[in-house]
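Inside the fold
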Amino acid sequence: MSVKIDRISSEVGRIVSEIMLLEARDETLKHVTVTGCVVTNDLSFANIYYTYMGDESLEDVKKNLEVAAPYLRTVLASKIELRHTPELRFHYDNSVEYGQNIERIINELHEEEK
């Protein structure tokens, strides 16, 4: 991937995260954390990876993000200078849970040694 695409990906992720935290009316979106963003080479799609720490089910969060995507894209277009604003696609990032699970297993192994 080119440096330009990496920079655009980073900026899109940062701005979408900021919009969800500061401007979105849906309280669910305020509890979503953007963990990464990868924009396709032709700038047609932005794959946004997220985690969620809240009370709603992950299915409900995914639906809320899909409903909010056109709004987020419109606001993103006003905040970033691109010829074409990418379509936003959201993907749950389970790497945080995976890391916590590995940490739990390591701690259990250490406890068994004692």
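Here the structure is shown first, and the text comes after it.
Residues numbered from 1 in each chain as written. Predicted model: local features only at pLDDT ≥ 70, side-chain atom pairs only at ≥ 80, totals over all residues. Heavy atoms only, no water.

1. Topic: the overall build of the chain
Looking only at helices and strands, the chain has four helices and three strands in total. In the chain, the succession of helices and strands from N to C terminus is α-α-β-β-α-β-α. Here the C-alpha atoms of the chain give a radius of gyration of 17 Å, more than 25% beyond the 13 Å that 2.2 N^0.38 yields for 114 residues. Seen along its three principal axes, the alpha-carbon backbone of the chain occupies a region of about 60 × 35 × 20 Å. Classification of the 114 residues of the chain by burial places 32% in the buried group. (Helix = DSSP H or I, 4+ residues; strand = E, 2+ residues; numbered from the N terminus. Rg over C-alpha atoms; globule rule 2.2 N^0.38 Å. Buried < 20%, exposed > 50% of the residue type's maximum accessible area, 1.4 Å probe, protein only.)

2. A short note on the pairing of strand 1 (residues 32-39)
Judged from the seven bridges that link them, strand 1 and strand 2 (residues 45-52) form a sheet pairing that is antiparallel. Bridging across to strand 2, Thr 33 finds its partner in Thr 51. Where strand 1 folds back on strand 2, the antiparallel hairpin that results is connected by five residues, among which Leu 43 adopts a positive phi of roughly 60°. (Pairing = 2+ DSSP bridges.)

3. With respect to unusual backbone geometry
Positioned with a positive phi, Leu 43 is a non-glycine residue whose angle comes to about 60°. Relative to the assigned elements, Leu 43 resides in the loop between strand 1 and strand 2.

4. Here we look at the nonpolar core
By size, the foremost hydrophobic cluster in this structure holds 28 residues, and its most contacted members are Val 12, Val 16, Met 20, Leu 76, Leu 88 and Phe 90. Looking at this core, the elements with two or more residues in it are helix 1 (3-22), strand 1, strand 2, helix 3 (58-79) and strand 3 (87-92). (Core = buried A, V, L, I, M, F, W, Y, C linked by side-chain atoms within 4.5 Å.)

5. What about a nonpolar patch on the surface?
Taken together, the side chains of Tyr 98, Ile 102 and Ile 106 define a hydrophobic patch exposed on the protein surface, amounting to about 300 Å² of accessible area. For Tyr 98, the location among the structural elements is in helix 4 (residues 95-113). (Patch = residues over 30% accessible without salt bridge, like charges linked within 9 Å, V, L, I, M, F, W, Y side chains within 5 Å. Areas by Shrake-Rupley, 256 points an atom, 1.4 Å probe, with all protein chains shown as cover. Salt bridge = Lys/Arg side-chain N within 4 Å of Asp/Glu carboxyl O.)

6. Quick look at the sheet that holds strand 1
Across the sheet, which stays open at both edges, the three strands sit in the order 1-2-3 with mixed pairing between neighbours. Looking at which strands have only one partner, the edges of the open sheet turn out to be strand 1 and strand 3. Taking each pair of neighbouring strands and ignoring which way they run, the sheet shows an average axis angle of 30°. The strands that helix 1 touches are strand 1, strand 2 and strand 3; relative to strand 1, the one it contacts most, it runs at about 155°. (Axes fitted to C-alpha atoms, helices over the stretch in contact; angles between N-to-C directions. Contact = heavy atoms within 4.5 Å.)

From the geometry alone we can't say anything about function, so treat these as descriptive.
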